[in-house]
Amino acid sequence: MHKIFFFTQGCSNNVADTETMQGILQQDGYEIVKTAEQADLFVINSCTVKNATEKDFFRYLKTLPKKPLVIAGCIAQTDPEKLAGLSLLGTTQINNITDVVEQTLDGNKVVLIKKENNQRLNLPKIRKNPVVEIIPINRGCLGNCTFCKTKAARFNLQSFEKEAILQQVKTAISQSIKEIWLTSQDTAVYGLDIGLALPALLREILALDGAFMVRLGMGNPDHFKLYIDELTQIFLHPKMFKFLHIPMQAGDNDVLKAMKRDYTREEFSEIVQRLREKIPEITIATDIICGFPEETDEQFNETLKIIEQLKFDVINISRYSARPKTFAATLPQLAGGVIAERSRKITELFESQLPEINKKWIGWQGIVIIDDYGKEGTQTMLARTHTYKQVVVKGDFALGEMLHVKIVRVDEYSLYGEIL
């Protein structure tokens, strides 16, 4: 029995791909191990979203022992020329992982990066978290953002069949899964290529029997705006996490236009405000790019203004880095010092808002789901509220256990619960 070690970079979609590749290999007689030293072969599931991530990938590559190696994921798909002599597995070919591993162990180099339109659902898997089911609902997107290299890795929109998604949800529920994460490059576009829409899929999932919660993954504003009132009603469902990841990227309309983001700051603000009118406690997460090419100080200040106004619960702050083969990489770039300073300003503003945002949760009582372990040595566990806020609780509980807690204190990034 050959032993395989996986190293995974990137988003929840990449995590889902790794879970499936591991499941297929285990079904075919391989053992998945937890350290590189134990392994006969390594699989790296790579991410190409940022320069820093790609640098981490190549740095990690150099640390591995000299053993057979398969590179999967987005770097394998977009930059095969940088990986000459290695076995490569593209983003649409993960169902062929066993064949690639077998041939690589036999000393052959295999390159499977041709795009295929397979559905990739209802395959064996080994879950990273035993109470979380991650389900990709579509591949690719409908955007053409000038800064993005992920489109080259994941291609144009291919929505997966609704019945296949529902079957995977049903299987997960039958296995006592507590959190269903729906993921993709842009969940908001689900179904637009096959005559469906995201709200219809969500309603059918939420109608299923079982004690579970649904978390909707990142979706872009230009498509959420088309059905925001319908989506708001869905978020009111008791099985739906009141949580939305909606990337703003910039607060100035000219910068958004240069990025080819098909919405305005006003449209973005309206989406957030309409959600909060009906669901005041909803958790809003967003993404911001600092230092997009040619962004002026005045344009950057517009981003600061909208952050101050909307008071996001979560901001993923990215320093712009020119990705090869993208249009934005051909534009005049800002100095690294300018980008770093803008990142610092956004971070300081955001962190100054968090105490006030979280303070309103002190005294709240309700049910939370234990879904992870706390820091080693702290005798704590991590749970989620109905708004997907992280709650730290003391004690030793089973993953998936549901507890009644009272929030007794908060800090910038967590709530702290007392068991009732």
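Going by the structure above, here's the rest.
Because the structure is predicted, anything quoted here is derived from the model rather than measured. (Residues numbered from 1 in each chain as written. Predicted model: local features only at pLDDT ≥ 70, side-chain atom pairs only at ≥ 80, totals over all residues. Heavy atoms only, no water.)

Engineer: How do you make sense of the overall build of the protein chain when you look at a structure like this?
Structural biologist: Tallying secondary structure elements over the protein chain gives 13 helices and 19 strands in all. Across its three principal axes, the protein chain shows a C-alpha extent of roughly 60 × 55 × 50 Å. Counting only residues that meet the buried cut, the protein chain has 55% of its 420 residues in that class. Intrachain contacts of the protein chain at a sequence separation of at least 6 include 72% that bridge at least 24 residues. (Helix = DSSP H or I, 4+ residues; strand = E, 2+ residues; numbered from the N terminus. Buried < 20%, exposed > 50% of the residue type's maximum accessible area, 1.4 Å probe, protein only. Contact = heavy atoms within 4.5 Å.)

Engineer: When you look at the packing of helix 11 (residues 265-278) against helix 12 (residues 297-310) in this model, what are you seeing that I'm missing?
Structural biologist: Pairs of packed helices are described in terms of their axes, by the angle between the two and the distance that separates them. Contact pair helix 11 / helix 12: the axes reach a minimum separation of 12 Å and the direction vectors enclose 10 degrees. For the element pair helix 11 / helix 12, the angle class is roughly parallel. From helix 11, R265, F268, S269, V272, Q273 and R276 reach across to helix 12, where they touch E302, I306, Q309 and L310. Looking at side-chain class alone, the contact of helix 11 with helix 12 contains four nonpolar, three polar and three charged residues. (Axes fitted to C-alpha atoms, helices over the stretch in contact; angles between N-to-C directions. Parallel < 35°, antiparallel > 145°, perpendicular 65-115°, else oblique. Nonpolar A, V, L, I, M, F, W, Y, C, P; charged D, E, K, R; others polar.)

Engineer: Would you take a moment to explain the pattern of salt bridges for this structure?
Structural biologist: Any two side chains of opposite charge can pair, so long as their charged atoms come close to each other. According to the stated counting rule, one finds 24 salt bridges in the structure shown. Across the salt bridge formed by E267 and K225, the nearest N and O atoms sit 3.2 Å from each other. Of this pair, E267 sits in helix 11 while K225 sits in the loop between helix 8 (221-224) and helix 9 (228-235), and the two are 42 residues apart along the sequence. Taking relative accessible area as the criterion, E267 reaches 28% and is therefore assigned partly exposed. Classification of K225 as partly exposed rests on a relative accessible area of 29%. The partner of R384 in a salt bridge is D371, and the shortest N-O contact between them spans 3.8 Å. (Salt bridge = Lys/Arg side-chain N within 4 Å of Asp/Glu carboxyl O.)

Engineer: Looking at this structure, I do not really get empty space enclosed by the protein. What am I missing?
Structural biologist: To find the voids left in a structure, one rolls a probe of water-molecule size over its atoms. Inspection of the entire model under this criterion finds one cavity of 30 Å³ or more. Here the largest cavity defines a volume of roughly 70 Å³. What lines the largest cavity is N13, D17, T91, I94, R120, P136, N138, R139, R154, F160 and Q185. At the level of secondary structure, the elements contributing two or more residues to the lining of the largest cavity comprise helix 1 (12-27) and strand 8 (138-139). Class assignment of the residues belonging to the lining of the largest cavity gives a composition of three nonpolar, four polar and four charged. (1 Å grid on protein atoms, 1.4 Å probe; cavity = no way out; pocket = protein on both sides within 12 Å on 5 of 7 lines; lining within 4 Å. Points joined across faces, edges and corners; volume = space filled by probe spheres on them.)

Engineer: Honestly, the sheet that holds strand 12 (residues 243-245) in this entry has me stumped. Any pointers?
Structural biologist: One key point about sheets: their strands pair by backbone hydrogen bonds, in either a parallel or an antiparallel sense. One open sheet accounts for three strands, arranged 12-13-14; its pairing is parallel. Taken across any chain shown, the strands that pair with only one partner, and hence form the sheet edges, are strand 12 and strand 14 (314-319). Strand-to-strand twist in this sheet, taken as the mean axis angle between neighbours without regard to direction, amounts to 15 degrees. Here strand 12 runs beside strand 13 (residues 283-290); their pairing, made up of three bridges, is parallel. Looking at strand 13, one finds that F243 is bridged to T283. Strand contacts of helix 13 (residues 336-359): strand 13 and strand 14, with the helix running at about 170 degrees to strand 14, the strand carrying the most contacts. (Pairing = 2+ DSSP bridges.)

Engineer: Please explain the pairing of strand 16 (residues 380-384) as it appears in this structure.
Structural biologist: Along any regular strand the residues' side chains alternate between the sheet's two faces. Along strand 16, five of the five residues are buried, which leaves the element largely enclosed by surrounding structure. Where burial is concerned, the two faces of strand 16 agree: the one with T380, L382 and R384 and the one with M381 and A383 are both buried. Two strands pair when backbone bridges link them, and strand 16 and strand 17 (residues 390-394) are joined in this way by five bridges, in the antiparallel orientation. Directly across from A383, in strand 17, lies its bridge partner V391. Where strand 16 hands over to strand 17, the hairpin turn is made up of five residues, of which Y388 adopts a positive phi near 65 degrees.

Engineer: How do you make sense of the state of the cysteines when you look at a structure like this?
Structural biologist: What we call a disulfide is simply a covalent bond connecting the sulfur atoms of a pair of cysteines. Under the counting rule described, the total for this entry stands at zero disulfides. The thiol of C47 is unpaired, and the distance to the nearest cysteine sulfur, on C74, comes to 5.9 Å. (Disulfide = S-S within 2.5 Å.)

Engineer: Hey, could you run me through the packing of aromatic side chains in this one?
Structural biologist: Two descriptors summarise a pair of aromatic rings, namely the distance from one centre to the other and the angle between the planes of the rings. Taken as a whole, this structure holds eleven aromatic pairs when the rule is applied. Centre to centre, the rings of W181 and Y388 are 6.4 Å apart; their planes meet at 80 degrees, and the pair counts as edge-to-face. Placement of the pair is W181 in strand 10 (residues 179-183) and Y388 in the loop between strand 16 and strand 17, with a sequence separation of 207 residues. Given a relative accessible area of 17%, W181 falls into the buried group. (Phe/Tyr/Trp six-rings, centres within 6.5 Å; stacked < 30°, edge-to-face > 60°.)

Engineer: For this particular structure, what's the right way to read the layout of surface pockets?
Structural biologist: Of the volumes computed, that of the second largest pocket is approximately 390 Å³. Taken together, 16 residues line the second largest pocket, and the ones lying closest to its centre are F6, T18, Q22, I32 and K128. No other element matches helix 1, which puts five residues into the lining of the second largest pocket. In the lining of the second largest pocket, the residues fall into six nonpolar, six polar and four charged.

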